[in-house]
Amino acid sequence: MAGHSKFKNIMHRKGAQDKKRSAAFSKLSREITVAAKSGLPDPDMNARLRSAIIAARAQSMPNDNIQRAVLKASGTDGENYEEIRYEGFGPGGVSLIVDALTDNRNRTATNVRLAFSKNGGNLGAGGSVSHAFDRLGLVSYPAKAGDPDTVFEAALEAGAQDVSSSEDGHEIWTDIGDLHDVAKALEATLGEGEGAKLAWRPQVMVTVDEKDAANLMKLLDALDEDDDVQTAWGNYDVPDEVMERLQ
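Reading guide: rules and limits
- Note that residues are indexed from 1 along each chain, following the sequence as it is written.
- Two thresholds apply to this predicted model, a pLDDT of at least 70 for residue-level local features and 80 or more for giving and counting side-chain atom pairs, whereas whole-chain, interface and lining totals are computed over all residues.
- To get the side-chain values, all heavy atoms of the structure are used, and hydrogens and water are removed first.
- Only strands that DSSP links by at least two bridges are regarded as paired with each other.
- The numbering of helices and of strands both runs from the N terminus, where a helix is a DSSP run of H or I of at least 4 residues and a strand a run of E of at least 2.
- The axes are straight lines fitted to the C-alpha atoms, using for helices just the contacting stretch, and the angles between their N-to-C directions are given from 0 to 180°.
- Any Lys or Arg side-chain nitrogen found within 4 Å of a carboxyl oxygen on Asp or Glu counts as a salt bridge.
- Exposure categories follow from relative accessible area, calculated using a 1.4 Å probe and restricted to protein chains: below 20% of the type maximum is buried, above 50% is exposed, and the middle band is partly exposed.
- What the arc covers is the set of directions going from the helix axis to the C-beta atoms.
- Throughout, a residue-residue contact means that at least one pair of heavy atoms, one from each residue, lies within 4.5 Å.
- Under this scheme an angle from 65 to 115 degrees is roughly perpendicular, one under 35 degrees roughly parallel, and one over 145 degrees roughly antiparallel; angles in between are oblique.
- For any pair of crossing helices, the crossing counts as left-handed if the nearer helix is rotated counterclockwise from the farther one by less than a right angle, and right-handed if it is rotated clockwise.
- Within the patch definition used here, like charges are joined within 9 Å and nonpolar side chains (Val, Leu, Ile, Met, Phe, Trp, Tyr) within 5 Å, considering only residues with over 30% relative accessible area and no salt bridge.
- Method for areas: the Shrake-Rupley scheme with a 1.4 Å probe, in which residue coverage is limited to the protein chains shown.
- Within this scheme the basic residues Lys and Arg register as positive and the acidic residues Asp and Glu register as negative, but His and the chain ends are omitted.
- Just so you know, the charge point we use is NZ for Lys, CZ for Arg, CG for Asp and CD for Glu.
- Remark: nonpolar core denotes a set of buried residues (Ala, Val, Leu, Ile, Met, Phe, Trp, Tyr, Cys) joined through side-chain atoms within 4.5 Å.

## Some thoughts on the sheet that holds strand 1 (residues 82-89)
Pairing between sheet strands relies on hydrogen bonds along the backbone, with the strands arranged either parallel or antiparallel. Across the sheet, four strands lie side by side as 3-1-2-9; this open sheet has antiparallel pairing. Across the chains shown, the open sheet's two edge strands, defined by having one partner strand only, are strand 3 (122-124) and strand 9 (229-234). Between one strand and the next, the sheet's axes are offset by a mean angle of 30°, whatever the strand orientation. Pairing of strand 1 with strand 2 (residues 95-102) involves eight bridges; the strand directions are antiparallel. Bridge pairing links Gly-88 to Leu-96 in strand 2.

Given below as structure tokens:
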């Protein structure tokens, strides 16, 4: 297990998470509903549902909203969400994987394709970029959970594969099959985290210059604003000084 990296540049930027609270709650609710439908509506018996609820609580989503999303899974309102993955290339040659939950495949495909084409990217075929990523489990903790050494030791004892710590928080990586067990073990030492889910970790990072970074941020914002898009993963590394000039 190795220590520290600029993981803050891999997932969607922290600043964008605070922009649209209602939109964020909508995406969290959708994931809770799909998770509840995928197994038992009991978070103690459904690892995906438990992870979705933890993620919602980490974003201060009210308990009433969480409960409604769980109950929606057993309703007859006709909302059936499909999980779809898109792969493509962004400005500067970066690779992007977009995970979506949709009740209208055609709408989502059109919106994602437009987001790419309008912002210097292009959508690729399935498998066009995922070969350059590893499919792993990811448990997230805020920086206040502990110093890097403490979190590292806890992750090691829990059976994690790797840890990335930065001022933004701690990202603990696991094998897919170990995700639930590692997350439960970490709760005993670090408390409840911000979420546990399957994730895409890039094998090689691509450093992006200021011009490409500006277009890339527009593309990521466009994807983030789409209600159907849950997460956009990428192998981009935007240097801090470039980010400061763009903000």
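## Side note on the pattern of salt bridges
Following the criterion strictly, the structure yields 11 salt bridges and no others. For Arg-48, the salt bridge goes to Glu-31, with nearest N and O atoms at 2.8 Å. Here Glu-31 lies in helix 2 (residues 21-38) and Arg-48 lies in helix 3 (residues 47-58), a separation of 17 residues in the sequence. Under the relative-accessibility criterion, Arg-48 is labelled partly exposed at 27%. With a closest N to O distance of 2.7 Å, Glu-210 and Arg-245 form a salt bridge. Residue Glu-210 is located in helix 8 (residues 210-224), and its partner Arg-245 is located in helix 9 (residues 240-246); the two are separated by 35 residues in the primary sequence. Through salt bridges with shared partners, a single ionic network connects Arg-30, Asp-103, Arg-107 and Asp-228.

## Points about helix 6 (residues 148-158)
All buried positions along helix 6 are accounted for by Val-151, Ala-154, Ala-155 and Ala-158. Mapping the buried residues of helix 6 onto a view down its axis gives an arc of 100°, with all of them on the same face. Exposed positions of helix 6 whose direction lies more than 90 degrees from the buried face are Asp-149 and Glu-157. Taken together, the buried residues of helix 6 touch strand 5 (162-166), strand 6 (169-174) and helix 7 (179-190).

## A look at unusual backbone geometry
In this structure, Ser-60 is a non-glycine residue whose phi angle is positive, near 60°. Inspection of the secondary structure assignment puts Ser-60 in the loop between helix 3 and helix 4 (63-72). Judged by its relative accessible area of 47%, Ser-60 falls in the partly exposed class.

## Digging into the pairing of strand 4 (residues 133-141)
In terms of burial, strand 4 is largely enclosed, as seven of its nine residues are buried. With eight bridges joining them, strand 4 and strand 7 (residues 195-202) adopt antiparallel strand pairing. Residue Leu-138 lies in a different strand from strand 7, and its bridge partner there is Lys-197. Where strand 4 and strand 6 come together, five bridges link them in antiparallel fashion. Counterpart to Ser-140 in the pairing with strand 6 is Glu-171.

## Some words on the packing of helix 6 against helix 7
At a closest axis distance of 9 Å, the pairing of helix 6 and helix 7 adopts a crossing angle of 140°. Judged on the interaxial angle alone, helix 7 and helix 6 are oblique. Considering how the two elements wind past one another, helix 6 and helix 7 form a crossing that is right-handed. Counted together, Val-151, Ala-154, Ala-155 and Ala-158 of helix 6 and Val-182, Ala-185, Leu-186, Thr-189 and Leu-190 of helix 7 form the full contact between these two elements.

## Here we look at the sheet that holds strand 4
With antiparallel pairing, the four strands of this open sheet are ordered in space as 5-6-4-7. Whereas interior strands pair on both sides, the edge strands pair on one side only; in this sheet they are strand 5 and strand 7. Adjacent strand axes in the sheet meet at a mean angle of 30°, parallel and antiparallel pairs treated alike. Sitting on the sheet, helix 7 is in contact with strand 4, strand 6 and strand 7, with an inclination near 25° to strand 4.

## Quick word on a negative patch on the surface
Together, Asp-147, Asp-149, Glu-153 and Glu-157 give the surface a local cluster of negative charge. Inspection of the secondary structure puts Glu-153 in helix 6. In this structure Glu-153 comes out as partly exposed when scored by relative accessible area, which is 44%.

## With respect to the nonpolar core
Membership of the largest hydrophobic core comes to 23 residues, with the highest contact counts inside it found for Leu-96, Leu-216, Leu-223, Tyr-236 and Val-238. For this core, the secondary-structure elements that each account for two or more residues are strand 1, strand 2, helix 5 (105-118), helix 8, strand 9 and helix 9. Of all the elements, helix 8 adds the most residues to this core, at six residues. With near-sequence residues (within four places) excluded, Leu-96 lies in contact with Tyr-86, Glu-87, Gly-88, Gly-90, Phe-116, Val-129, Leu-216, Leu-219, Leu-220, Trp-233, Gly-234 and Tyr-236. Val-151, Ala-155, Val-163 and Leu-179 belong to the second largest nonpolar core, which has 15 residues in total.

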